[in-house]
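Descriptive analysis of the structure
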Amino acid sequence: MTVNLEVAEGVGTLRLDRPPMNALDVATQDRLKELAEEATRRDDVRAVVIYGGDKVFAAGADIKEMQAMDHTAMVLRSRALQESFTAVARIPKPVVAAVTGYALGGGCELALCADYRIAGDNAKLGQPEILLGLIPGAGGTQRLARLIGPSKAKDLIFTGRMVKADEARELGLVDRVVAPDQVYAEAHAWAAKLAQGPAIALRAAKESIDTGLETDIETGLAVERNWFAGLFATEDRERGMRSFVEEGPGKAKFV
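Here's a quick rundown of the structure.

Rules behind the numbers
- Residues numbered from 1 in each chain as written.
- Predicted model: local features only at pLDDT ≥ 70, side-chain atom pairs only at ≥ 80, totals over all residues.
- Heavy atoms only, no water.
- Buried < 20%, exposed > 50% of the residue type's maximum accessible area, 1.4 Å probe, protein only.
- Helix = DSSP H or I, 4+ residues; strand = E, 2+ residues; numbered from the N terminus.
- Pairing = 2+ DSSP bridges.
- Salt bridge = Lys/Arg side-chain N within 4 Å of Asp/Glu carboxyl O.
- Core = buried A, V, L, I, M, F, W, Y, C linked by side-chain atoms within 4.5 Å.
- Contact = heavy atoms within 4.5 Å.
- Expected span 1.5 Å × (residues − 1).
- Bend = angle between axes of the 7 residues up to and from the residue.
- Polar contact = N/O pair within 3.5 Å; in protein donor to acceptor, adjacent residues only side chain to side chain.
- Disulfide = S-S within 2.5 Å.
- Arc of directions from axis to C-beta.
- Patch = residues over 30% accessible without salt bridge, like charges linked within 9 Å, V, L, I, M, F, W, Y side chains within 5 Å.
- Areas by Shrake-Rupley, 256 points an atom, 1.4 Å probe, with all protein chains shown as cover.

Bringing the pairing of strand β4 (residues 95-99) into the picture now. Taking burial as the measure, the 5 residues of β4 include 5 buried ones, the bulk of the element. Neither face of β4 is open: one carries V95, A97 and V99, the other V96 and A98, and all of them are buried. Sheet topology note: the strand β3 (residues 47-51)/β4 ladder contains 4 bridges and is parallel. Of the residues in β4, the one forming a bridge with Y51 is A98.

Dropping the structure here:
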């Protein structure tokens, strides 16, 4: 399989495995969607790591496969392409991308679907589609602009240039930079910590933030308000408040 889901300690790792460059062909896209939906359903998956291995995250789409497609074929395929990435973005649990080596084109767009990005200092990220006479088609024009702002996103998309890890951090494209051999361990530790947290509250926080970014503030506030009140019906809320009163902050054990 070109993508695998491995689960340990409440953390599901979506592992890209299509050497040498983890090119995201149609089969890989479909498999990614399938496993993202599985990670969403599974109660034993409480947080997710997206990882391409210690050498490369994903160097983009399979250009040879795309070259053979005409306009009609891509009209039929483009929605499925976006839906495979959206399935990752909509996993209602904390998701971290562990980025080593190249994360270009679709690889960069996949990293954008995560909530947090940890990169090796050997990472190179970018949206080089313009160099093929194209634009990003798996969410890059939308998610990148929302993450780093429109002018910075336009610079990367208009020029197609790659940025190294340090510049990516300065732009806000990645959140932390570590040694390449520490990328997965750091990402797994981030996910494992959140996997011990209140699952429904984490879901509420993620949905409230993401919905707010996609709509007007009044709608976002309504989503936040409804989730906030709804969490008062959960056992985790009872445990969290009781623990705070009796033991002090940060000691609650959630179900």
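Next comes the rest of the write-up.
This part is about the pattern of salt bridges. Counted according to the given criterion, the structure contains 13 salt bridges. Between K33 and E37 there is a salt bridge whose closest N-O contact spans 2.8 Å. You can see K33 and its partner E37 sitting in helix α1 (residues 26-41), 4 residues apart, about one turn around the helix. Here K33 falls in the partly exposed class, since its relative accessible area comes to 26%. By relative accessible area, which is 33% here, E37 ends up partly exposed. Between D155 and R161 there is a salt bridge, with the nearest N and O atoms lying 2.9 Å from each other. A network of salt bridges, in which partner residues are shared, links R18, D25 and D62.

Within the largest apolar cluster, 46 residues are counted, with the highest numbers of intra-cluster contacts made by F57, V88, V99, L110, L125, L144 and L173. The element contributing the most residues to this core is helix α3 (residues 71-89), with 5 residues. In contact with L110, other than residues within four places in its own chain, are L16, L32, I50, F57, F85 and V88. Residues V11, A98, V178 and A191 belong to the second largest nonpolar core, which totals 14 residues.

With 19 residues, α3 ought to run about 27 Å at 1.5 Å a step, and its terminal C-alpha atoms sit 27 Å apart, in line with that. At R77, α3 is deflected by roughly 35 degrees, the largest bend along its length. All buried positions along α3 are accounted for by R77, L81, S84, F85, T86, A87, V88 and A89. Contacts from the buried residues of α3 go to α1, β3, α4 (106-112), α5 (140-148) and α9 (199-214).

All right, on to the side chain of N22 then. Of note, N22 is situated in the loop between β2 (11-16) and α1. Of the residues examined, N22 reaches a relative accessible area of 5% and is grouped as buried. A polar contact is formed between the side chain of N22 and the backbone oxygen of G52, at a distance of 2.8 Å. In this structure the side chain of N22 is engaged in a polar contact, spanning 2.9 Å, whose partner is the backbone oxygen of F57.

Attention now moves to the state of the cysteines. What is meant by a disulfide is a covalent connection between two cysteines, made through their sulfur atoms. Counted according to the given criterion, the structure contains 0 disulfides. With no disulfide of its own, C108 has C113 as its nearest cysteine by sulfur position, at a separation of 10 Å.

The next subject is helix α6 (residues 150-159). All of the buried residues in α6 are A153, L156 and I157. For α6, the arc enclosing every buried residue in end-on projection is 90 degrees, short of the 170-degree limit, so these residues lie on one face. Relative to its buried face, α6 has exposed residues pointing more than 90 degrees away, namely S151 and F158. Here the buried face of α6 lies against α5, β8 (162-164) and α7 (165-171). G160 sits one or two positions beyond α6 and adopts a positive phi of about 75 degrees.

A contiguous nonpolar surface patch, about 250 Å² in accessible area, is contributed by M21, Y102 and M162. Within the fold, Y102 resides in strand β5 (residues 102-104).

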